Amino acid sequence: MRIGVAPKGSGPYLSVVQLEKLLDVDFNVITYAGSSSAEAEALLSGELDAAISSLGDFSGLLSLGDAKGVVELASVQNATYTDVPTLKSKGHDLQTGSFIVLAPPANTPDDAVETLEATFKAAYDTAEFQDWLAQVGVTADWLGSDEVVTWVDGLQSKTFALMDELGL
């Protein structure tokens, strides 16, 4: 199976390597420099059997029916693409993708951090922001300050170990 991804070392490239290990398969991985538009073009022309990219980047192809979302490498269901199951719902734990972290300087007083977190969470919960997330196809999941550090540390350890294993 020919799978298109961004270049070696990128998130999508590391995702396909992890997916191969998780499923005990070998894909014919083809890398494309630049944006996911090159992958989309290769997918539409028949050069690829599949591609790993964000749902948002492929939203045009998905909404037009030119491509089908098979699985999202996430643990949380995407609110826009409810017909695309998560890999976790298929019994596998592999979460990849982009994330945004609000991070103040280390010496920021605890009460200021609490205020920042509460304000950010209030904005996150607004209908306007949730509508925007749906519009751009982002799979959102909230982690508070107590959870995010553990999550980032785990993700970094796993990613760095994989990159070392691959010699990247």
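Please refer to the structure higher up on the page.
Everything in this summary refers to the structure shown in the same document. (Residues numbered from 1 in each chain as written. Predicted model: local features only at pLDDT ≥ 70, side-chain atom pairs only at ≥ 80, totals over all residues. Heavy atoms only, no water.)

Packed helices, taken two at a time, are described by the angle their axes make and the gap between the axes. At a minimum axis distance of 11 Å, the contact between helix α1 (residues 11-23) and helix α6 (residues 145-166) shows a crossing angle of 85 degrees. Compared by their axis directions, α1 and α6 come out roughly perpendicular. Taken together, the residues of α6 that come into contact with α1 (itself represented by Tyr13, Leu14, Val17, Gln18 and Lys21) are Lys158, Thr159, Leu162, Met163, Glu165 and Leu166. Class assignment of the residues belonging to the contact of α1 with α6 gives a composition of six nonpolar, two polar and three charged. (Axes fitted to C-alpha atoms, helices over the stretch in contact; angles between N-to-C directions. Helix = DSSP H or I, 4+ residues; strand = E, 2+ residues; numbered from the N terminus. Parallel < 35°, antiparallel > 145°, perpendicular 65-115°, else oblique. Contact = heavy atoms within 4.5 Å. Nonpolar A, V, L, I, M, F, W, Y, C, P; charged D, E, K, R; others polar.)

What follows is about helix α2 (residues 37-45). Looking at α2, one finds that the buried residues are Glu39, Ala40, Ala42 and Leu43. Take α2 and look down its axis: the buried residues cluster within an arc of 165 degrees, on one side only. Turned more than 90 degrees off the buried face of α2, the exposed positions are Glu41 and Ser45. Where α2 is buried, its residues meet β1 (2-5), β3 (50-51) and α3 (59-64). Just downstream of α2, Gly46 is the residue with a positive phi angle, here 90 degrees. (Buried < 20%, exposed > 50% of the residue type's maximum accessible area, 1.4 Å probe, protein only. Arc of directions from axis to C-beta.)

Summarising the element assignment, Ser15 is placed in helix α1. Not counting the four nearest positions on each side in its chain, Ser15 is found in contact with Leu73, Leu94 and Thr96.

Pairing within the open sheet is parallel, and its three strands lie in the order β2-β1-β3. One side of each edge strand has no neighbouring strand; the edge strands of this open sheet are β2 (28-31) and β3. (Pairing = 2+ DSSP bridges.)

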